[in-house]
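If you want the building blocks of each chain, they are given just below.
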Amino acid sequence: MKTLKYGSEGTDVELLQLALSRGGWYTGAVDGVFGRQTLNAVRRFQASFGLAPDGIVGPLTQDALDPLLTGHFNHTVRRGDTFPGLARRYDTTAAAIAAANPEADPRNLRIGQKLIIPYGFDLVPQNVRYTPELVDYILDGLAVRYPFARPQKYGNSASGTPLRLIGFGTGEREVLINAAHHANEWITTPLVLAFAEAMLKAYIADGTVAGRSAKALLSRVKLYIAPLVNPDGAALVNGAFDRDSSEYRQALRIAAAYPSVPFPEGWKANIAGTDPNLNYPADWEEAKRIKFAQGWVSPAPRDYVGEAPLSCPESRALYEFTKQHDFRLTLSYHTQGEVIYWKFKNIEPERAREIAEAMAAVSGYDIEEVPEESANAGYKDWFIDEYRLPGFTIEAGKGRNPLPLTDLAEMISDNFPLMVTALELA
Ligand SMILES: [Zn+2]
């Protein structure tokens, strides 16, 4: 994070405001504008940590704020400490402390022993714009709170940003949920991350998600969630991509060549101008013919199919990861339309219609066939074509992309039951 001060703006300021509000230092709007109220909150925070209360958020202040973003801090056991006592003191639960410290014996805590204390707040915020940096905080934070969940890097983006996902569950059946192939559909990232967190939280508490036992589901499946397939694109749309980089200058040139697409909010492609969901080897030549005829003949903010199938590093990485696994079912999250797509051409994998109907019933979404002009070279298309297994595109939410964060709560209430149904039927 860069040094932030009065007058700063953007997603870094949103993260700062999020951290301060989690700690109880800030009650204003999380709006990405470092104004008077944020300044006062930073000064109070600094003073209480013995830092110079200059209101400037440099490395020392950022270090002090870090636990409020990673979601936990380290505690050294003192005489009389117990899990329930620590849970009360730090507003969390004994089960959460036990989960984060699988090696610790709660009946036999030793003075001087190190413990991780997870804060009581959720790691997946619903009130900030998403960046690769925030996704890193969340994946690393989830892995500390739930050490049986494993984050993993599966490749690099066009600009070298690590592509990451998280896997958990002990079942035989592998399931993949991916989100945000398209830059301006990044709201699907908090949607699937919130689902991951809900499942993990319910797992350690013997609880349920959308009425289903998380333990039962995760003994049935091994779930992989790739929350941000196109990290550079999401950063670009949210104003968080490095403006001094050559990739950014190239994106500006690409945007200038397609003035009909609003910049940056109309950007769907990766940072180099290839649409990652038009780059899989499933009738890619047909996708190329259609998109070229529409005028998308070179790197563009959307709809450019790339130089060749899998020329887009983000698509290739997910393709390779899929090849290394044995997925029984995949969900690819996009926005918008409240629609479930379940076919590729006339290929109808066994049980795909039945699963689509069950997902439609619990979400209120419609089942449709993909319009001709976007019926090729997507992840779902390739998955169905390659494996003849159920692969779905879910177009979540309704409205104009990028959908506002105020739509997220409804997307969650529609899609948690949908995802749970997919896990049950995989
Ligand atoms: Zn999309």
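These numbers were taken from a predicted model, which means no experiment stands behind them.

J.: Got a minute to help me understand the overall build of the chain in this structure?
T.: Looking only at helices and strands, the chain has 16 helices and twelve strands in total. In summary, the chain has a C-alpha radius of gyration of 22 Å against a globular reference of 22 Å for 426 residues, a match within 12%. Overall, the chain is about 70 × 50 × 35 Å in size when its C-alpha atoms are taken along their principal axes. In the chain, which comprises 426 residues, the proportion classed as buried is 49%.

J.: Explanation requested: helix 2 (residues 36–48) in the structure shown.
T.: Side chains that are three or four residues apart share a direction in an α-helix, a result of its 3.6 residues per turn. With 13 residues, helix 2 extends 19 Å between its outermost C-alpha atoms, agreeing within 8% with the 18 Å of an ideal straight helix rising 1.5 Å per residue. For helix 2, the full list of buried residues reads T38, A41, V42, F45 and Q46. What you see down the axis of helix 2 is that its buried residues fit within an arc of 135°, all on one side. In helix 2, the exposed residues that point more than 90 degrees away from the buried face are R36, A47 and S48.

J.: Can you help me understand the nonpolar core in this one?
T.: Nonpolar side chains tend to gather and get buried jointly when the protein is soluble and globular. Of all hydrophobic cores here, the largest spans 126 residues; its most connected members are V175, L191 and A422. Ranked by residue count, the leading element in this core is helix 8 (residues 188–204), at ten residues. In this structure L191 touches A179, Y333, A396, L408, M411, I412 and N415, once residues within four positions along its chain are discounted.

J.: Explanation requested: the sheet that holds strand 4 (residues 162–168) in the structure shown.
T.: Pairing between sheet strands relies on hydrogen bonds along the backbone, with the strands arranged either parallel or antiparallel. Here we have eight strands laid out as an open sheet, ordered 3-4-8-5-9-12-10-11, and mixed in their pairing. At either margin of the open sheet sits one strand with a lone partner, and together these are strand 3 (150–156) and strand 11 (366–368). Between one strand and the next, the sheet's axes are offset by a mean angle of 25°, whatever the strand orientation. Sheet topology places strand 5 (residues 173–179) next to strand 8 (residues 221–226); six bridges connect them, and they run parallel. Pairing of I177 across the sheet is with I225, part of strand 8.

J.: I keep staring at the packing of helix 7 (residues 132–145) against helix 8 and nothing clicks. Help me out?
T.: Angle between the axes and distance between the axes are the two parameters that describe a pair of packed helices. In contact at an axis separation of 11 Å, helix 7 and helix 8 are set at 10° when each is read in the N-to-C sense. The orientation of helix 7 with respect to helix 8, classified from their angle, is roughly parallel. On helix 8, the residues that touch V135, I138 and L142 of helix 7 are T189, L193, A196, E197 and L200. Of the residues assigned to the contact of helix 7 with helix 8, the class counts are six nonpolar, one polar and one charged.

J.: What exactly am I supposed to notice about the packing of helix 14 (residues 352–363) against helix 16 (residues 408–425) here?
T.: Remark: helix 14 packs on helix 16, axes separated minimally by 8 Å, with the N-to-C direction vectors making an angle of 150°. In terms of orientation, helix 14 and helix 16 fall into the roughly antiparallel class. Our pair here, helix 14 against helix 16, has a crossing hand that is right-handed. For the pair helix 14 and helix 16, the contacting residues are I355, A358, M359, V362 and S363 in the first and D414, N415, P417, L418, T421, A422 and L425 in the second. Broken down by class, the residue content of the contact of helix 14 with helix 16 amounts to eight nonpolar, three polar and one charged.

J.: Teacher, can you tell me more about the domain arrangement of the chain here?
T.: Many authors give the size of an interface as the accessible area that is lost as the parts come together. As assigned here, the chain comprises domain 1 (11–69), domain 2 (72–118) and domain 3 (132–233 + 312–425). With centres defined by C-alpha atoms, the gap from domain 1 to domain 2 works out at 27 Å.

J.: Any chance you could explain helix 15 (residues 379–387) here in plain terms?
T.: Those residues of helix 15 not exposed but buried are Y379, K380, D381, W382, F383 and I384. Among the structural elements, strand 5, helix 13 (313–323), strand 9 (327–335), strand 10 (339–341) and strand 12 (391–396) are those in contact with the buried residues of helix 15. Looking at the residues trailing helix 15, positive phi occurs at R388, about 55°.

J.: I would appreciate a short explanation of the pairing of strand 12 in the present structure.
T.: Every other side chain in a regular strand lies on the same face of the sheet, so the side chains alternate between the two faces. Counting buried positions along strand 12 yields six of six residues, so the element is predominantly enclosed. The alternating pattern of strand 12 places G391, T393 and E395 on one face and F392, I394 and A396 on the opposite face, and all of these are buried. The sheet contact formed by strand 9 and strand 12 spans six bridges and is parallel. Bridge pairing in strand 12 places S332 opposite T393. As defined by bridge partners, strand 10 adjoins strand 12 across three bridges and the pair is classed as antiparallel.

J.: Before we go on, may I ask you to explain the environment of E172 in this structure?
T.: If you trace the backbone, E172 turns up in the loop between strand 4 and strand 5. For E172, a count of 11 C-beta atoms within 10 Å translates into the label exposed. Counting along the chain gives 154 residues from E172 to D326, while the straight-line C-alpha distance between them is 9.6 Å.

J.: Help me understand unusual backbone geometry in this model?
T.: Glycine aside, a negative phi is what most residues show, and trans is what most peptide bonds show. A cis amide bond links F263 with the next residue in sequence, P264, at an omega value of 0°. Following N401, the chain continues to P402 via a peptide bond in cis, the omega torsion being -10°. The topology assignment puts P402 in the loop between strand 12 and helix 16. In the Ramachandran plot, D206 falls in the positive-phi region, its phi being about 55° despite a non-glycine side chain. Among the secondary structure elements, D206 is positioned in the loop between helix 8 and strand 6 (208–209). With a phi close to 65°, L310 is a non-glycine residue in the positive phi region.

About the criteria used
- Residues numbered from 1 in each chain as written.
- Predicted model: local features only at pLDDT ≥ 70, side-chain atom pairs only at ≥ 80, totals over all residues.
- Helix = DSSP H or I, 4+ residues; strand = E, 2+ residues; numbered from the N terminus.
- Rg over C-alpha atoms; globule rule 2.2 N^0.38 Å.
- Buried ≥ 20, exposed ≤ 12 C-beta atoms within 10 Å, placed from the backbone.
- Expected span 1.5 Å × (residues − 1).
- Arc of directions from axis to C-beta.
- Core = buried A, V, L, I, M, F, W, Y, C linked by C-beta atoms within 7 Å.
- Contact = placed C-beta atoms within 7 Å.
- Pairing = 2+ DSSP bridges.
- Axes fitted to C-alpha atoms, helices over the stretch in contact; angles between N-to-C directions.
- Parallel < 35°, antiparallel > 145°, perpendicular 65-115°, else oblique.
- Nonpolar A, V, L, I, M, F, W, Y, C, P; charged D, E, K, R; others polar.
- Left-handed = near helix turned anticlockwise from the far one by under 90°.
- Domains from an automatic or database assignment.

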